[in-house]
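# Close look at the chain arrangement
Chain residues, written in single-letter form:
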Amino acid sequence: MSHRDPRFDILFDEVAIGPVNAPNRFYQTPHATGMGYTKPRASAALRALKAEGGWGVVCTEYCSIHPSSDDSPYAFLSMWDNDDEKALTLTVEGIHAHGSLAGIELWHGGSHSCNRLTREPMLAPSDRSAIFIQPGQVRAMDKTDIADFRDWQRQAALRAKRAGFDIIYVYAGHDYLPFQFLSPLTNQRADEYGGSLVNRVRLLREMIEDTKEAVGDTCAVAVRLAVDELQGANGIVHDGDGRAVIEMLAELPDLWDVNVAGDLGNDSKSSRFSAEGFQEDYIAFVKKVTTRPVVSVGRFTSPDRMVSQIKRGVQDFIGAARPSISDPFLPRKIAEGREDEIRECIGCNICRSSNNEGVPLRCTQNPTMGEEWRRGWHPEFIPSKGSDARVLVVGAGPAGLEAALTLGRRGYNVTLAEASRDLGGRLINESGLPGLNNWMRVADHRVHMIGKHNNIEIYRESNLTAADVLEFGAEHVFLATGSSWRRDAIGHMTEAAATIETHDRVFTPNDIFAGKAVAGPVTIYDDEHYFMGGALAERFAKIGHLVTIMTPHTIVSAWTEMTNEQFFIQKQLMELDVQLVFGKKLKSISETQITSECIYTSRQSMHDYVSIVLVTGRIAERSLYDDLMKISADWPQAGIRSVRCIGDCLVPSSIADAVHNAHRAARELDAPKS
Ligand code: ADP
Ligand code: SF4
């Protein structure tokens, strides 16, 4: 085994946090799992795995202190009663089994809660509408409510201590209740909890004091604070009230966990809109104001950058949510001198989409994430091969690369054949779109790891036919031949094919990536609603074309609401003067005009156009599969026992789905289904 590079030693220092000691500087900050209180074993297994991977501190996601803070339909933890306490003990035990500290993020959402499950009245500093649109209003807390609230935090902290947690949070991050008291935008009180900053800080100070008094003898009390809510001078800003809050409370907590927030989308911005370490400008002052340890986040995946964070005094820990999801074994890999094997987060925010969709955590880079308990998958260990069969994988996109690597890790002799010279499939083109260059890491990591396996052979520029596959005669064939974009405009809401009278100036993303010349102005018809339509519009606008996006939806790139990117995408397109045409279904394309139909009134309208790009459905590239099926009678003689489609070739979807599907197929070859 290789040894740790001494320049990374500093990352493995022990650090005291109040009465407890973190074994190293790797700190998995709280992050959602989409599991919550309904899946205690799955959450426990996920957190235990992080500890096993070397994260010295492992925190839970937000954990409600009282039924008046209920985030249904999203998954969340709760610490309301003995059952919750018992359930969360599983998580603590899992984390402690690997010598790490267990942190719990006690939470009250205030006007950010939905309370659809509990039907408790919603609470906030001031009377207002709920943040999530619903008929109910939110009630201003009176003095009794505030006293109750302080008691809920105390009681939850005591339960957390009994459950065995080492670090207990007072959570004034994002736009949840204690932060709502801090921000002049949400606190219009006229009593001693509103008005001046001293008054707005009062509740946070009391919460820290209460929590310390309740559990501070043996547990560290951490404060998570948004030092800037990115709402301009009227809100909390890092060089104004944000700094002043930390100055006022500097030595009170045992640890400061600081970020920028307001909305969750700001804190965990995708790589399309932020670079590694993007929060540094906002949080760098904190360590100058307090002697307490400081942690923050910034999608850190490079050990050198981590060391620089510590040495330059930006933070004491390397806080991570997404990098720990993408590679739960990141610290262990650095410890063992295997930093080249880190599966770096690509910043796509598919992980965020799981919570927003109310399903267990998933990750583009790490197909095992969220499957630790349900399927018993481990990111580092995998059952050995179930036979000595040879396997041919056709296509080296995300699915083919993942399948080849996983089969190789299991010990199979694998041949990966790719039609083109470059490996990466769709990633080669998509990572060239504005802001998406980090996405290529999905291919780079796998190609690098495949290079470490001498039982995996790669053939480039090998466009295989059915006859080639037959002649090769591997026992198992995995077809990862991908997909292509539809030319008939059928998409999510466009049920019928458009009448297309000319194809000269009608393009699909495949044509664009193939380098076909597109004359402007450019109309993009987006009935896919993920990143492609918006990203192409951005690209065309940036090279000087007039661009229009027409979509049957009422916003652009609608599904990116799940990845917390939609707001930023629409803002950017509007700033680039991209024309947005909403609620229109494409009906036909003539030489000079596009005809659309209003989704509400069915009224038709005509639009002039020069070039149109159809970003609609995709069709699996199955011609090789179909050809092989036609000669299936010849398989036994060629030694072929099975042929299966994986990834987009099975059904076109996200890269995350392709990788997961390929991983599963490779894991389950000659093995029981998981
Ligand atoms: P996925 O997301 O499922 O991995 P991609 O579209 O990214 O799918 O990748 C499919 C890959 O398969 C592409 O790199 C393409 O060049 C390759 N491919 C398609 N057909 C063949 C074939 N017959 N032989 C070899 N490679 C192929
Ligand atoms: Fe990173 Fe994407 Fe995985 Fe989230 S889903 S951890 S952003 S690679």
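Right, let's walk through the structure included here. (Residues numbered from 1 in each chain as written. Chains lettered and ligands numbered in written order. Predicted model: local features only at pLDDT ≥ 70, side-chain atom pairs only at ≥ 80, totals over all residues. Heavy atoms only, no water.)

Burial within strand 6 (residues 101-107) is extensive, with seven of its seven residues counted as buried. Burial of the side chains of strand 6 extends over both faces: L101, G103, E105 and W107 are buried on one face and A102, I104 and L106 on the other. Relative to strand 10 (residues 167-172), strand 6 runs parallel, the two sharing two bridges. Bridge pairing in strand 10 links I104 to I168. (Buried < 20%, exposed > 50% of the residue type's maximum accessible area, 1.4 Å probe, protein only. Helix = DSSP H or I, 4+ residues; strand = E, 2+ residues; numbered from the N terminus. Pairing = 2+ DSSP bridges.)

To continue, consider the environment of R622. By the element assignment, R622 lies in the loop between strand 29 (618-620) and helix 21 (623-630). For R622, a relative accessible area of 27% corresponds to the partly exposed category. Along the primary structure R622 and V393 are separated by 229 residues, whereas in three dimensions their C-alpha atoms are 14 Å apart. In this structure R622 touches C645, C649 and L650, once residues within four positions along its chain are discounted. A polar contact is formed between the side chain of R622 and the backbone oxygen of L650, at a distance of 2.9 Å. (Contact = heavy atoms within 4.5 Å. Polar contact = N/O pair within 3.5 Å; in protein donor to acceptor, adjacent residues only side chain to side chain.)

All right, on to the pattern of salt bridges then. Charged atoms that come close allow side chains of opposite charge to pair. Per the counting criterion, the structure on display carries 54 salt bridges. A salt bridge links D304 to R7, with the shortest nitrogen-to-oxygen separation between them at 2.9 Å. Of this pair, D304 sits in helix 10 (residues 303-311) while R7 sits in the segment before strand 1 (15-17); the two residues are 297 residues apart in sequence, bridging distant segments of the chain. Here D304 falls in the partly exposed class, since its relative accessible area comes to 39%. Here R7 falls in the partly exposed class, since its relative accessible area comes to 43%. The closest approach of N and O atoms between D388 and K385, which form a salt bridge, is 3.0 Å. Among the charged side chains, a network of salt bridges with common partners joins R332, E336, R338, D340, E341 and K452. (Salt bridge = Lys/Arg side-chain N within 4 Å of Asp/Glu carboxyl O.)

A separate point is the site of ligand 1. In the vicinity of ligand 1, 22 residues are found, and the nearest of them are A399, E418, R426, L464 and D648. Taking P398, its main chain carries an N or O atom lying 3.1 Å from an oxygen atom of ligand 1. Between ligand 1 and the protein, one listed contact pairs an oxygen atom with a backbone N or O atom of A399 at 2.8 Å. Surface burial for ligand 1 is 87%, taken as the share of its 580 Å² of free accessible area covered by protein chains. Of the residues in the shell around ligand 1, the class split is 10 nonpolar, nine polar and three charged. (Near = heavy atom within 4 Å. Areas by Shrake-Rupley, 256 points an atom, 1.4 Å probe, with all protein chains shown as cover. Nonpolar A, V, L, I, M, F, W, Y, C, P; charged D, E, K, R; others polar.)

Moving on to the sheet that holds strand 27 (residues 604-608). One open sheet accounts for four strands, arranged 20-25-26-27; its pairing is mixed. The sheet is open, and its two borders are formed by strand 20 (499-500) and strand 27, each paired with just one other strand. Taken together, the two bridges between strand 20 and strand 25 (residues 584-589) define a ladder with parallel strand orientation. From the neighbouring strand, T499 faces strand 25, where its bridge partner is S588.

What follows concerns the site of ligand 2. Near ligand 2 lie 13 residues; those nearest to it are C345, C348, N349, C351 and C363. With three residues, the top contributor of residues to the shell around ligand 2 is helix 11 (residues 322-326). Split by residue class, the shell around ligand 2 holds seven nonpolar, five polar and one charged.

Counting across every chain of the model gives 18 aromatic pairs. Relative to W152, the ring of F149 lies with its centre 6.4 Å away and its plane at 90°, an arrangement referred to as edge-to-face. In this pair, F149 and W152 are both assigned in helix 3 (residues 143-163), three residues apart and thus about one turn of the helix distant. Each member of the pair, F149 together with W152, is buried. (Phe/Tyr/Trp six-rings, centres within 6.5 Å; stacked < 30°, edge-to-face > 60°.)

With that settled, consider the packing of helix 2 (residues 82-96) against helix 3. For the pair helix 2 and helix 3, the least separation of the axes is 8 Å and the interaxial angle reads 45°. Classified by the angle their axes make, helix 2 and helix 3 are oblique. Of the two possible hands of crossing, helix 2 and helix 3 adopt the one that is right-handed. For the pair helix 2 and helix 3, the contacting residues are N82, E85, T89 and V92 in the first and R159, R162 and A163 in the second. Considering only residue class, the contact of helix 2 with helix 3 consists of two nonpolar, two polar and three charged. (Axes fitted to C-alpha atoms, helices over the stretch in contact; angles between N-to-C directions. Parallel < 35°, antiparallel > 145°, perpendicular 65-115°, else oblique. Left-handed = near helix turned anticlockwise from the far one by under 90°.)

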